[in-house]
Amino acid sequence: MIRPIIFCDFDGTITNQDNIIHIMKKFDPPGWNTIKDHILSQKLSIQEGVKQMFSMLPSTLKNEVISFVLKEAQIREGFDEFVAYTKKHKIPLFIVSGGIDFFVQPLLEGYGPFAGIYCNEADFTVDNIKINFPHGCDPYCSSQGCGCCKPSIMRTLLTAESTSIVIGDSITDLEAAKLADIVIARDFLIERCEELNLPFQTFENFHDVISILETRVGVKQ
Ligand code: MG
Ligand code: ZN
């Protein structure tokens, strides 16, 4: 008997686009694009990069940033059915996100409850937006700068009987994918898994994810 447990990314996975990138494109603080490139090329840790990008935006933009991101974000097709599928079969679904609480929480409202939601947090009480990282790296993480450390979270939740499933799209999911039994990937994560010879299956929407789980985990929708 395997015990499937799902760790699902948020930005670019549950939503069609990366919300942090979307916010930066819109409010365009000077130099954010270089920071983004340095994160993708792993010259800069995700934690440091995200912190720096938001620290260039004044906290007075709070309401504008929040209403912009909530208005623009689109949930990927089939997510509703996917959540229902996991509930029906009692498969724990954890949302592990490098995104920020002010958009992750409201966008997921109405879909849950989930087994857990892990993300970073914004503090708007100081001059510029300050990002806090309550789910940092444990001593076993090889990156030590994940921000929200997905492999560290997985280590606290997995047992010997678990079959871990990681769903993601980008560099922030790579360390989690290395630890997973099943990787379901799109976009940039596909390239990185190929480079590292990590087995994976691809998805474009959550109907694809359900099909993969039906085959791999053996529970029909
Ligand atoms: Mg992502
Ligand atoms: Zn880490």
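Up top is the structure these notes are about.
Calculation rules
Residues numbered from 1 in each chain as written. Chains lettered and ligands numbered in written order. Predicted model: local features only at pLDDT ≥ 70, side-chain atom pairs only at ≥ 80, totals over all residues. Heavy atoms only, no water. Axes fitted to C-alpha atoms, helices over the stretch in contact; angles between N-to-C directions. Helix = DSSP H or I, 4+ residues; strand = E, 2+ residues; numbered from the N terminus. Parallel < 35°, antiparallel > 145°, perpendicular 65-115°, else oblique. Left-handed = near helix turned anticlockwise from the far one by under 90°. Contact = heavy atoms within 4.5 Å. Nonpolar A, V, L, I, M, F, W, Y, C, P; charged D, E, K, R; others polar. Core = buried A, V, L, I, M, F, W, Y, C linked by side-chain atoms within 4.5 Å. Buried < 20%, exposed > 50% of the residue type's maximum accessible area, 1.4 Å probe, protein only. Donors = N, O, S within 2.8 Å, 3.2 Å for Na, K, Ca; no water.

Describing the packing of helix α5 (residues 79-88) against helix α10 (residues 206-216)
Here comes step 1: It is at 8 Å that the axes of α5 and α10 come closest, and there the two elements cross at 30 degrees. In terms of orientation, α5 lies roughly parallel with respect to α10. The interaxial crossing formed by α5 with α10 has left-handed handedness. Here Phe79, Glu81, Phe82 and Tyr85 of α5 lie close against α10, whose contacting residues are Phe206, His207, Val209, Ile210, Leu213 and Glu214.
Here comes step 2: Tallied by class, residues from the contact of α5 with α10 come to 7 nonpolar, 1 polar and 2 charged.

Things to note about the nonpolar core
Here comes step 1: By size, the foremost hydrophobic cluster in this structure holds 56 residues, and its most contacted members are Ile23, Phe54, Phe82, Phe102 and Phe103.
Here comes step 2: Membership of the second largest hydrophobic core comes to 20 residues, among which are Phe94, Val166, Ala176 and Leu198.

Quick word on the coordination of the magnesium ion (ligand 1)
Here comes step 1: For the magnesium ion (ligand 1), the protein coordination sphere consists of Asp9 (OD), Asp11 (O) and Asp169 (OD), at 2.1 to 2.2 Å.
Here comes step 2: On the primary sequence, the residues serving as donors to the magnesium ion (ligand 1) are separated as D-x1-D-x157-D. Here Asp9 is found in the loop between β1 (3-8) and α1 (19-27), whereas its partner Asp169 is found in the loop between β5 (162-168) and α8 (174-179), with 160 residues between them in sequence.
Here comes step 3: The exposure class of Asp169 is buried, given its relative accessible area of 7%.

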